[in-house]
Amino acid sequence: MKKYMAIVLGFLLVIMLAACNEGEKTVENKKDENPPTAEKGTEEKEQEEAKGTNAKIEGEQSKEDTSNKDELNLLEVFNKTIEEANGDIDSFENNMKLKQITEDGEKKVTMDTDTAMKVILEPFNLQQNMVISMEMGEEKEGYTVEAFLTDDGFYMYQSNQDMWVKLPAENTEQLFQTQNGQQNPAQQLKQFEDFIEDFSIDQNDKNYILTLNTSKEIEKYLKEIAKAQMSQTTEVGADYFDKMKFNKVDYEIHIDKETYRLTNLKMIMDYNTEMDGDSVRVVQDVQSEYMNYNEVKEIKVPAEAIEQAEEIEM
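These figures come from a predicted structure and were not determined experimentally.

**Student:** Please give an account of the pairing of strand E3 (residues 125–136) that cites residues and values.
**Tutor:** Two strands pair when backbone bridges link them, and strand E2 (residues 108–120) and E3 are joined in this way by 12 bridges, in the antiparallel orientation. Residue pairing in the sheet places Val119 in a bridge with Leu126 of E3. Two elements, E3 and strand E4 (residues 139–150), share 11 bridges in a ladder whose sense is antiparallel. Looking at the pairing, Gln128 lines up with Ala147 of E4. Count of turn residues in the E3/E4 antiparallel hairpin: two residues, of which Gly137 carries a positive phi of about 65 degrees.

Here it is, written out as C-alpha cells:
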C-alpha cells in the first residue's frame, strides 16, 4: 500500500488547509416586500395592458439590479477575505477529513484520514495529529501520526513505527520555505485570484459560499500546484502529473459574513493518471473546517521527541 500512501500524503500537503462545482450558483437577493403596483383606473382594458407592460419592465430592471448586486457582492467578499479580514490572523486551528479511493483495475484501496492541526503564522509553527486507516481487500492497516514544525525543527511520530524521527536542519529549512505565507487561510482564496470570474456566490444564514466553476484553465492550474508540491514530498514520476486527466473537480469555500474569515472548505477531486506503468483512478473527498482564530498561543515539541528522535533524510 505504500505507493497509495504517497499519493495521500502528497496531496495532504497540497490541500492541507485546505483545490470547482460544475453547477453555477448566484445569490438570490430578497425581493421588495412591497413591490410597486399600477394604480387602478376606470378604463380597465387600457390600464390592465399598461399594468402588464410596466410589470414586465420592472421585472427586467429587477433582474439587472440583482445581477449587478451579485457581481458586486462576489468581488467585495473576495477582496475583503483576502485583504482585510485575514490581516489580523496570528493563529488558528483546522480539522480535516479526507476520504480517498484509488483503483488500478485489479485492486481498490480505500483510505480515511482525520487530521487536527494547530498553526501559528508568525513565526511559523505547526502541530498536526493524523489518524489514518487503509483497506485493500482483506488487508487493513491503521496508525496515527503526530508531527511538529517549529524553531526546534521537524519532528514526527508514527505509531506503526513506534519511534520519533526528525529531519536535518537543511530539510527543515526547506519545509519552512514551502510553508512561508501559504498556511494563511486567505491563501485558499488568493491562489485563485486570477480566476475570480469563474466563481459564483451563494449564501446561507452565516456564510457566503463561493464555488469555483471548473474549466480547462483551472484544471491546468491545479495540476501545476499538485506537481510543484508532490514532487517535493513523494516519489511519483513526471508521468503521474503529465497524464493526469480530471473527471470532476468541485471546490467550495465558506466565508463568515461578519468576520470574512474562512470557515469551511469542501473539495471533491476525481482524476485518472498513470503510476508505475499502471492506469490509476483517484477519487478524493475533503471536508475541512477552520476555527479558534488567534487562540493558539504556543506550540511545543514534546521533550521525549527532542531526546529520542532519530535523524532521517527527507
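From this point, the narrative continues.
**Student:** For unusual backbone geometry, give the residues involved together with the corresponding values.
**Tutor:** A cis amide bond links Glu122 with the next residue in sequence, Pro123, at an omega value of -10 degrees. In this fold, Pro123 is placed in the loop between E2 and E3. At Tyr260, a position not held by glycine, the phi torsion is positive, near 60 degrees. With respect to the helices, strands and loops of the structure, Tyr260 is situated in the loop between strand E9 (245–256) and strand E10 (262–275). The phi dihedral of Asn294 is positive, around 60 degrees, even though this residue is not glycine. Judged by relative accessible area, which is 21%, Asn294 ranks as partly exposed.

**Student:** So what's going on with the pairing of strand E5 (residues 153–158)? Which residues, and what values?
**Tutor:** Of the pairings in the sheet, the one linking E4 to E5 comprises six bridges and is antiparallel in character. By the bridge assignment for E5, Ala147 is matched with Met156. Counted between consecutive antiparallel strands, the loop separating E4 from E5 contains two residues. Relative to strand E6 (residues 163–166), E5 is paired through four bridges, and the arrangement is antiparallel.

**Student:** Hey, could you go over the packing of aromatic side chains for me, with residue numbers and the actual values?
**Tutor:** For the structure shown, the criterion picks out seven aromatic pairs. Pairing Phe92 with Tyr290 gives two aromatic rings, centres 6.1 Å apart and planes at 45 degrees, and the pair type is tilted. One end of the pair, Phe92, is in strand E1 (residues 91–103); the other, Tyr290, is in strand E11 (residues 278–291), with 198 residues separating them in the sequence. Each member of the pair, Phe92 together with Tyr290, is buried. Ring centres of Phe92 and Tyr293 lie 6.1 Å apart, and the angle between their planes is 35 degrees; this geometry places the pair in the tilted category. Note that Phe92 is positioned in strand E1 and Tyr293 in the loop between E11 and helix H7 (303–308), a separation of 201 residues in sequence. The exposure class of Tyr293 is buried, given its relative accessible area of 13%. Among the aromatic side chains, those forming a connected cluster through ring pairs are Phe92, Tyr290 and Tyr293.

**Student:** Outline the sheet that holds E2, listing residues and values.
**Tutor:** Spatial ordering of the open sheet is given by E7-E8-E9-E10-E11-E1-E2-E3-E4-E5-E6-E12, a layout of 12 strands whose pairing is mixed. Where the open sheet ends on each side, the last strands, each with one partner, are strand E7 (199–203) and strand E12 (310–311). One ladder, built from 12 bridges, connects E10 with E11; its direction is antiparallel. By the bridge assignment, Thr273 is partnered in E11 with Val280.

Calculation rules
- Residues numbered from 1 in each chain as written.
- Predicted model: local features only at pLDDT ≥ 70, side-chain atom pairs only at ≥ 80, totals over all residues.
- Heavy atoms only, no water.
- Pairing = 2+ DSSP bridges.
- Helix = DSSP H or I, 4+ residues; strand = E, 2+ residues; numbered from the N terminus.
- Buried < 20%, exposed > 50% of the residue type's maximum accessible area, 1.4 Å probe, protein only.
- Phe/Tyr/Trp six-rings, centres within 6.5 Å; stacked < 30°, edge-to-face > 60°.

Function cannot be inferred from these measures alone, as they are strictly geometric.
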